[in-house]
Amino acid sequence: QVQLVESGGGLVQAGGSLRLSCAASGRTFSNYIMGWFRQAPGKEREFVAAISLGGGRTYYADSVKGRFTISRDNAKSTVYLQMNSLNPEDTAIYYCAGGVATTSYDYWGQGTQVTVSS
């Protein structure tokens, strides 16, 4: 089992920035592809970003490209999501997830709320 705990969410004005963190415990963190997803009220959960085992490859949803950056520190068993130029459409609960492929995630955190005011 892998336990994931997100932090760093909050309320920010449009144009502002937030950095989310997701700390993992349990099995070896570096064995898992890590991803960030989000779910806005009344909408389905959507993919935001993912990062390969060593961090050399990253993947982003078109809606966040150029604004969000995913990174990981395997020594700290932590994955990050730096979010810049936030807009109200980014308001959602953000979840981190771990898995063996970018399309298959077995472990999920409890989520952290991000609210962007206009």
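In what follows, the structure referred to is the one given above.
Residues numbered from 1 in each chain as written. Predicted model: local features only at pLDDT ≥ 70, side-chain atom pairs only at ≥ 80, totals over all residues. Heavy atoms only, no water.

Trainee: Any chance you could explain the sheet that holds strand S8 (residues 78–83) here in plain terms?
Mentor: Either a parallel or an antiparallel arrangement is found when strands of a sheet pair, and the pairing is made through backbone hydrogen bonds. A sheet is described by the order of its strands in space; here four strands give the open sequence S1-S3-S8-S7, paired in antiparallel fashion. Where the open sheet ends on each side, the last strands, each with one partner, are strand S1 (2–7) and strand S7 (68–73). If you compare each strand with its neighbour and ignore which way they point, the axes differ by 15° on average. (Pairing = 2+ DSSP bridges. Helix = DSSP H or I, 4+ residues; strand = E, 2+ residues; numbered from the N terminus. Axes fitted to C-alpha atoms, helices over the stretch in contact; angles between N-to-C directions.)

Trainee: How should the nonpolar core be read in this particular structure?
Mentor: If you look at soluble globular proteins, the nonpolar side chains tend to sit buried side by side. If you look at the biggest cluster of nonpolar residues, it comprises 29 residues, and the most contacted ones within it are Trp 36, Val 79, Leu 81, Met 83 and Tyr 94. Sorting the residues of this core by element identifies S1, strand S3 (18–26), strand S4 (33–39), strand S5 (46–51), S7, S8, strand S9 (92–101) and strand S11 (112–117) as the ones contributing at least two each. Top element by residues in this core is S3. It accounts for four residues. Apart from residues lying up to four places away in sequence, Met 83 is in contact with Gly 16, Ser 17, Leu 18, Leu 20, Arg 67, Phe 68, Tyr 94 and Val 114. (Core = buried A, V, L, I, M, F, W, Y, C linked by side-chain atoms within 4.5 Å. Buried < 20%, exposed > 50% of the residue type's maximum accessible area, 1.4 Å probe, protein only. Contact = heavy atoms within 4.5 Å.)

Trainee: It is not clear to me how the state of the cysteines should be interpreted in this structure. Could you clarify?
Mentor: Note: disulfide means a covalent bond formed between the sulfur atoms of two cysteine side chains. For the coordinates displayed, the defined rule picks out one disulfide. Paired through a disulfide, Cys 22 and Cys 96 show a sulfur-sulfur distance of 1.9 Å. Residue Cys 22 is found in strand S3, and its partner Cys 96 is found in strand S9; the two are separated by 74 residues along the sequence. No difference in accessibility class separates Cys 22 from Cys 96, as the two residues are buried. (Disulfide = S-S within 2.5 Å.)

Trainee: Teacher, can you tell me more about the pattern of salt bridges here?
Mentor: Any two side chains of opposite charge can pair, so long as their charged atoms come close to each other. Overall, the coordinates contain four salt bridges when judged by the stated rule. Where Arg 38 meets Asp 90, a salt bridge forms, and the shortest distance between an N and an O atom there is 2.9 Å. Residue Arg 38 is found in strand S4, and its partner Asp 90 is found in the loop between S8 and S9; the two are separated by 52 residues along the sequence. Assessed through its relative accessible area of 1%, Asp 90 is described here as buried. When the shortest N-O distance is used, the salt bridge between Lys 65 and Asp 62 registers 3.2 Å. (Salt bridge = Lys/Arg side-chain N within 4 Å of Asp/Glu carboxyl O.)

Trainee: Explain the pairing of strand S10 (residues 104–108) to me, please; I cannot follow it from the model alone.
Mentor: Regular strands place their side chains on alternate faces of the sheet. As paired strands, S9 and S10 are joined by four bridges and run antiparallel to one another. By the bridge assignment, Gly 99 is partnered in S10 with Tyr 105. Taken together, S9 and the strand that follows it, S10, pair antiparallel across an intervening segment of two residues.

Trainee: How should I be thinking about unusual backbone geometry in this particular structure?
Mentor: With a phi angle near 55°, Ser 77 is a residue other than glycine that sits in the positive phi range. With respect to the helices, strands and loops of the structure, Ser 77 is situated in the loop between S7 and S8. A positive phi angle, near 50°, is found at Ser 85, a position not held by glycine. Structurally, the position occupied by Ser 85 is in the loop between S8 and S9. Exposure remark for Ser 85: the relative accessible area of 43% places this residue in the partly exposed category.

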